[in-house]
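Residue-level listing of the chains:
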Amino acid sequence: MEAPILFSSIPNLLSFFTFFLIIYLVAYFIIFRSWKPKLRPEASSCAISLLHGTPAVFFAVTSLLADPDRDFHSPNTPVQNLVLDYSISYFLMDLTHYLIFCPSDVLFIGHHLATLFVFVTCRYVVYHGAYAILVLLILAEVTSFIQNTWTLANARKSDVEFAAKVYALLSPPFYVLYSLVRGIAGPYFVYRMFVYYLSGAANNVIPRWIWISWVFVVVTAISVSILWISNLWVELYRERSREHESKVR
């Protein structure tokens, strides 16, 4: 039964991957063609992230609301599987970007590989648990639009005045939203997920080694995210302190 399911989803994976590839190429060769060569790959990566993040949140929310039997071990619905295919294709495309342009960025490559492991095992190995994985996807991507806009502005803030203004304007609200999602909502949901799976309620459909792997990957990702945003808060504090000192002088 597994083989037909895998083969039937290949057209979706190819279509979605082709979509992200086209967006990446359009961004690289057309939209950001005037940017410095070293910035164009990152900007193109942001472009496909923008086309994945917010739509993925909308699709995931819609698929979960349409499932009256959603639970941590409920079977994946066809729509939920489609959302997983959409995200798998995005991460495969962005992983390709990192392997070509940033092969030394072990952190992001490892993040993408771990994320793909979670999505692929949920989609093609156990066929259950999409509720948990898609809620985590929503929490991860709900900040996507503001984060990618902030990243693009950050890349050009040193040579474009408008970009510098956008970066300064977006930094505080982005940091607050990211901190709330990754520092509070994310850990709370993972705690609920861990307690549920630890009870053994899902062992008949989701093997223990798989859900343990899911929890480990998510906890690691959240921990790195908290460290990253903490460093950004420190940097913002230092920048504002320097600005204040300059005005006082």
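First, a word on scope: everything that follows refers to the structure included in this document.

The rules behind the values
- Each chain carries its own residue numbering, running from 1 in the direction its sequence is written.
- Residues qualify for local features only when their pLDDT is at least 70, as the model is predicted, and side-chain atom pairs are given and counted only at 80 or more; totals for whole chains, interfaces and linings, by contrast, use all residues.
- Only hydrogens and water are set aside; all other atoms, that is, all heavy atoms of the structure, feed into the side-chain values.
- Helix and strand definitions follow DSSP, with helices as H or I runs of at least four residues and strands as E runs of at least two, each counted in order from the N terminus.
- In this description the radius of gyration comes from C-alpha coordinates, and the expected globular size is given by 2.2 Å times residues to the power 0.38.
- Burial classes follow relative accessibility: with a 1.4 Å probe on protein chains only, a residue under 20% of its type's maximum area counts as buried, one over 50% as exposed, and anything between as partly exposed.
- In this analysis, two residues are considered to be in contact whenever any of their non-hydrogen atoms come within 4.5 Å of each other.
- Computed with the Shrake-Rupley method and a 1.4 Å probe, the accessible areas treat only the protein chains shown as cover for residues.
- Here, nonpolar core means buried Ala, Val, Leu, Ile, Met, Phe, Trp, Tyr and Cys residues that are tied together by side-chain atoms lying within 4.5 Å of each other.
- Note on geometry: axes are C-alpha line fits, over the in-contact stretch for helices, and angles between N-to-C directions span 0 to 180 degrees.
- Any angle between 65 and 115 degrees counts as roughly perpendicular, while under 35 counts as roughly parallel, over 145 as roughly antiparallel, and the rest as oblique.
- The crossing is said to be left-handed when, going from far helix to near helix, the turn is anticlockwise and less than a right angle, and right-handed when the turn is clockwise.
- Residue type decides the class: Asp, Glu, Lys and Arg count as charged, Ala, Val, Leu, Ile, Met, Phe, Trp, Tyr, Cys and Pro as nonpolar, and the leftover types, Gly among them, as polar.
- To estimate how far a helix should extend, the number of its residues minus one is multiplied by 1.5 Å.
- Definitions used throughout: a 1 Å grid over protein atoms alone; a cavity as a set of points that fits a 1.4 Å probe which cannot get out; a pocket as an open set with protein on both sides within 12 Å along at least five of seven lines; a lining residue as one with an atom within 4 Å of a point.
- Grid points are joined across faces, edges and corners, and a volume is the space filled by probe spheres set on the points.

1. Considering the overall build of the protein
Line of reasoning, step 1. Within the protein, the secondary structure is distributed over eight helices and zero strands.
Line of reasoning, step 2. Each helix and strand of the protein, placed in order from N terminus to C terminus, yields the pattern α-α-α-α-α-α-α-α.
Line of reasoning, step 3. Over its C-alpha trace the protein gives a radius of gyration of 20 Å, about what one expects of a compact globule, namely 18 Å for 249 residues.
Line of reasoning, step 4. The buried share among the 249 residues of the protein stands at 45%.
Line of reasoning, step 5. A separation of at least 24 residues holds for 75% of the contacts in the protein among residues at least 6 apart in sequence.
Line of reasoning, step 6. With an accessible surface of roughly 13300 Å², the protein has 70% of that area assigned to carbon and sulfur atoms.

2. As for the nonpolar core
Line of reasoning, step 1. One finds Phe72, Leu134, Phe189, Met193, Tyr197, Ile206 and Trp214 to be the most contacted residues of the largest nonpolar core, which totals 52 residues.
Line of reasoning, step 2. Of all the secondary-structure elements, those providing two or more residues to this core are α1 (2-31), α2 (40-65), α3 (78-101), α4 (106-126), α5 (130-141), α7 (161-198) and α8 (208-248).
Line of reasoning, step 3. Top element by residues in this core is α5. It accounts for 10 residues.
Line of reasoning, step 4. If we ignore the near neighbours within four places in the chain, the residues touching Phe189 are Phe72, Tyr131, Ala132, Val135, Leu136 and Leu139.
Line of reasoning, step 5. The next biggest cluster of nonpolar side chains, apart from the first, holds 12 residues, and it includes Trp150, Tyr167, Tyr178 and Leu236.

3. A word on the packing of α3 against α4
Line of reasoning, step 1. It is at 10 Å that the axes of α3 and α4 come closest, and there the two elements cross at 155 degrees. For the element pair α3 / α4, the angle class is roughly antiparallel. The way α3 lies across α4 gives a crossing that is left-handed. Counting all contacts with α3, which are made through Asn81, Leu84, Asp85, Ser87, Ile88, Phe91, Leu92, Asp94, Leu95, Tyr98 and Leu99, the residues of α4 involved are Phe108, Ile109, His111, His112, Leu113, Thr115, Leu116, Phe119, Val120, Cys122, Arg123 and Tyr124.
Line of reasoning, step 2. The class makeup of the residues in the contact of α3 with α4 is 15 nonpolar, five polar and three charged.

4. Observations regarding α5
Line of reasoning, step 1. Taking 1.5 Å of rise per residue, 12 residues should cover 16 Å, and α5 covers 16 Å from first to last C-alpha, within 8% of that figure.
Line of reasoning, step 2. Summarising burial for α5: 11 of the 12 residues are buried, a large majority.
Line of reasoning, step 3. For α5, the complete set of buried residues consists of Ala130, Tyr131, Ala132, Ile133, Leu134, Val135, Leu136, Leu137, Ile138, Leu139 and Glu141.

5. Considerations on the layout of surface pockets
Line of reasoning, step 1. The volume enclosed by the largest pocket comes to roughly 1400 Å³.
Line of reasoning, step 2. Forming the walls of the largest pocket are 50 residues, and the residues nearest its centre are Phe108, His111, Gln147, Tyr178 and Arg182.
Line of reasoning, step 3. Listed by contribution, the elements that provide at least two residues to the lining of the largest pocket are α2, α3, α4, α5, α6 (144-156), α7 and α8.
Line of reasoning, step 4. With 12 residues, the single largest contributor to the lining of the largest pocket is α8.
Line of reasoning, step 5. Here the lining of the largest pocket is built from residues that sort into 27 nonpolar, 18 polar and five charged.

Nothing here speaks to function; it is geometry throughout.
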